[in-house]
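# Summary of the model geometry
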Amino acid sequence: MTLANSTVLVTGANRGIGRALVDAALRRGAKRVYAGTRRPLDHVDERVTPLGLDVTDAAQIRRAVEQVDALDLLVNNAGIALLDDLSDPAVLEQHLAVNLFGGYRMTRAFLPLLTRSRGAIVNNVSMMALAPFPVTPAYAASKAAAFNLTQSLRALLAADGVRVHAVLTGPTDTEMTRGLDIAKASPDGVARAILDGVERGDEDIFPDPVSEALAESWRTGAVKELERRLAAFVAPRAA
Ligand SMILES: NC(=O)c1ccc[n+]([C@@H]2O[C@H](COP(=O)([O-])OP(=O)(O)OC[C@H]3O[C@@H](n4cnc5c(N)ncnc54)[C@H](OP(=O)(O)O)[C@@H]3O)[C@@H](O)[C@H]2O)c1
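Below, the structure is looked at part by part. Chains are numbered independently. Their residues run from 1 in the order of the written sequence. It should be noted that, the model being predicted, local features are given only for residues of pLDDT at least 70 and side-chain atom pairs only at 80 or more, the latter also being counted only at that level, while totals for whole chains, interfaces and linings use all residues. The basis for every side-chain value is the complete set of non-hydrogen atoms in the structure, without hydrogens or water.

### Thoughts on the packing of helix α1 (residues 16-27) against helix α5 (residues 187-200)
- Axis lines are fitted to C-alpha atoms, over the contacting stretch for helices. Their N-to-C directions set the angle, which ranges from 0 to 180 degrees. We count a stretch as a helix when DSSP gives it H or I for four or more residues in a row; a strand needs E for two or more, and each element gets its number in order from the N terminus. At a closest axis distance of 8 Å, the pairing of α1 and α5 adopts a crossing angle of 55°. Relative to α5, α1 is oriented oblique. For the crossing formed where α1 meets α5, the hand is right-handed. Here α1 contributes Gly16, Ile17, Ala20, Leu21, Ala24 and Ala25 to the contact with α5, which in turn contributes Pro187, Asp188, Val190, Ala191, Ile194 and Leu195.
- Side-chain classes follow a simple rule in which Ala, Val, Leu, Ile, Met, Phe, Trp, Tyr, Cys and Pro form the nonpolar group, Asp, Glu, Lys and Arg form the charged group, and the remainder, Gly included, forms the polar group. Split by residue class, the contact of α1 with α5 holds 10 nonpolar, 1 polar and 1 charged. Our angle categories are set so that under 35 degrees counts as roughly parallel, over 145 as roughly antiparallel, 65 to 115 as roughly perpendicular, and the remainder as oblique. Left-handed describes a crossing in which the near helix is turned anticlockwise from the far one by less than a right angle; the clockwise case is right-handed. Only heavy atoms matter for contacts: two residues are in contact if any of them lie within 4.5 Å across the pair.

### Description of the packing of aromatic side chains
- When the centres of two rings from Phe, Tyr and Trp lie within 6.5 Å, Trp using its six-membered ring, the rings pair. Their planes under 30 degrees apart give stacked, over 60 give edge-to-face, and anything left gives tilted. Applying the stated criterion to the full structure yields 1 aromatic pair.
- Residues phenylalanine 147 and tryptophan 218 carry aromatic rings whose centres are separated by 5.8 Å and whose planes lie at 55° to one another, so their mutual orientation is tilted. Placement of the pair is phenylalanine 147 in helix α4 (residues 137-157) and tryptophan 218 in helix α6 (residues 209-219), with a sequence separation of 71 residues. Grouping residues by exposure puts phenylalanine 147 and tryptophan 218 together as buried. Using a 1.4 Å probe on the protein chains alone, a residue whose accessible area is under 20% of its type maximum counts as buried, one over 50% counts as exposed, and one in between counts as partly exposed.

### Brief notes about the packing of helix α3 (residues 89-117) against α4
- It is at 8 Å that the axes of α3 and α4 come closest, and there the two elements cross at 20°. Judged by the inter-axis angle, α3 sits roughly parallel to α4. The handedness of the crossing between α3 and α4 is right-handed. Contacts from Val91, Leu92, His95, Leu96, Asn99, Leu100, Tyr104, Thr107 and Leu111 of α3 reach α4 at Ala138, Tyr139, Ala141, Ser142, Lys143, Ala145, Ala146, Leu149, Leu153 and Leu157.
- In terms of residue class, the contact of α3 with α4 is built from 14 nonpolar, 4 polar and 1 charged.

### Examining the site of the ligand
- The ligand sits among 29 residues. The nearest are Asn14, Arg38, Asn77, Tyr139 and Thr174.
- Counting of polar contacts relies on pairs of N or O atoms within 3.5 Å, with two restrictions inside protein: one atom must be capable of donating a hydrogen and the other of accepting it, and residues adjacent in sequence are counted only when both atoms are side-chain atoms. One of the side-chain nitrogen or oxygen atoms of arginine 38 is found 2.7 Å away from an oxygen atom of the ligand.
- In this structure, tyrosine 139 approaches the ligand through a side-chain N or O atom, which is 2.6 Å from an oxygen atom.
- With the chains in place, 96% of the 900 Å² that the ligand exposes on its own is no longer accessible.
- Elements that contribute at least two residues to the shell around the ligand include exactly α1 and α4. Proximity criterion: a residue is near a molecule or strand once any of its heavy atoms comes within 4 Å of it. To measure how exposed things are, a 1.4 Å probe is used in the Shrake-Rupley method; for residues, cover is taken only from the protein chains shown.

### Examining the environment of alanine 141
- Residue position: alanine 141 is located in helix α4.
- Given the relative accessible area of 36%, alanine 141 is considered partly exposed.
- When the C-alpha positions of alanine 141 and arginine 178 are compared, they lie 21 Å apart, and in sequence the two are 37 residues distant.

### Focus: the pattern of salt bridges
- A carboxyl oxygen of Asp or Glu within 4 Å of a side-chain nitrogen of Lys or Arg is what we treat as a salt bridge. Taken as a whole and assessed by the stated rule, the structure comprises 15 salt bridges.
- With a closest N to O distance of 3.1 Å, arginine 178 and glutamate 175 form a salt bridge.
- We note a salt bridge from glutamate 225 to arginine 228, for which the minimum N-O separation is 3.4 Å. Pair noted here: glutamate 225 and arginine 228 are both in helix α7 (residues 222-231), with a separation of 3 residues, about one helical turn.
- Judged by relative accessible area, which is 32%, glutamate 225 ranks as partly exposed.
- A residue is classified by how much of its surface remains accessible, and arginine 228, at 41% relative accessible area, is partly exposed.
- It is possible to trace a salt-bridge network through shared partners that takes in Arg154, Glu203, Asp204, Lys224 and Glu227.

### What about the side chain of asparagine 123?
- Among the secondary structure elements, asparagine 123 is positioned in strand β5 (residues 120-124).
- In this structure the side chain of asparagine 123 is engaged in a polar contact, spanning 2.8 Å, whose partner is the side chain of asparagine 76.
- Excluding its chain neighbours within four sequence positions, the residues that come into contact with asparagine 123 are Asn76, Thr150, Val164, His165, Ala166 and Val167.

Right, dumping it as C-alpha cells:
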C-alpha cells in the first residue's frame, strides 16, 4: 500500500510515536489523517481531523466511526505502560483494557471501512511481546496478547484483502520511557520506519536499531514458520 492520497487514523496521536506517525503520514501525502486523542488537539495542517477518542470508551469509538467516511489505514498506537510487580490484578486489567481491548474494539469498529478499501491495520505492539521486561510485566503480558491477536487477525482478514501489521517496537524516546537510562530511538525515525514497513508490506515491522537486530532471526525462525503453518488452516476462506 502507498500512503500518498490515503486516509489514515492514528490513536494516541497527541504525543510520542502517535504524533510522529501523524506527521510522517502527512509528509507522505496522506489526504486525511484522523488524529484520535483523549484531549482536544490543534494541528496546523488542515488535512488533520481531530477525533475525541479514548480507546476504552465504546461510545467514543462509535462516535468516531460516524465521523469517518473512508479509511485506508488504522494505526492502533494508544498505549499505557506502568511499573508493577504483578501483585495487583487491577494493574493487569488496566493494561489489557487499553493495550489489548482498545485496539481490538477499534479494529472491530472500523473493519467495515477497511474491508471496503482493502486497507491495512497497524498494531504498535512492542518487542516485549516476545520477551518481557519484568519491571513492567503487566504491560508485557498485554503486548504479548495484542501481538497474538494481531497474528490471528492477519490470518482471518487476509480473505477480505485487509493486511494486518505488527510493530515490534524497541526503546523509543517518549514520555513512556522517561527515566529509563538506555539508548532510545527517535519517535520520528520509528514513525518513518513503520510507514516504510507498511508500504513494503512487511507483516512484522522492527522500526528501530534495537528491534531491528531481531528481525532476520524472527522472519526466518521456527516460531514465524509455525505462525504461517497454523494460519494455513484458515486460508481456504481466501480461495
Ligand atoms: N516508547 C517506547 O519505548 C515504546 C516501545 C514499544 C512500544 N511502544 C508503544 O508505542 C505506543 C505509543 O507509545 P509512546 O512511546 O508514544 O508513549 P506515550 O508518549 O506515553 O504516548 C501514549 C499515547 O497513548 C495515549 N493513550 C493512553 N491511554 C489511552 C486511551 N485509553 N485512549 C486513547 N489514547 C490513550 C496517550 O494519550 P494521553 O496523552 O491522553 O495520555 C498518548 O497519546 C504504545 O502503544 C506503546 O506501548 C512504545
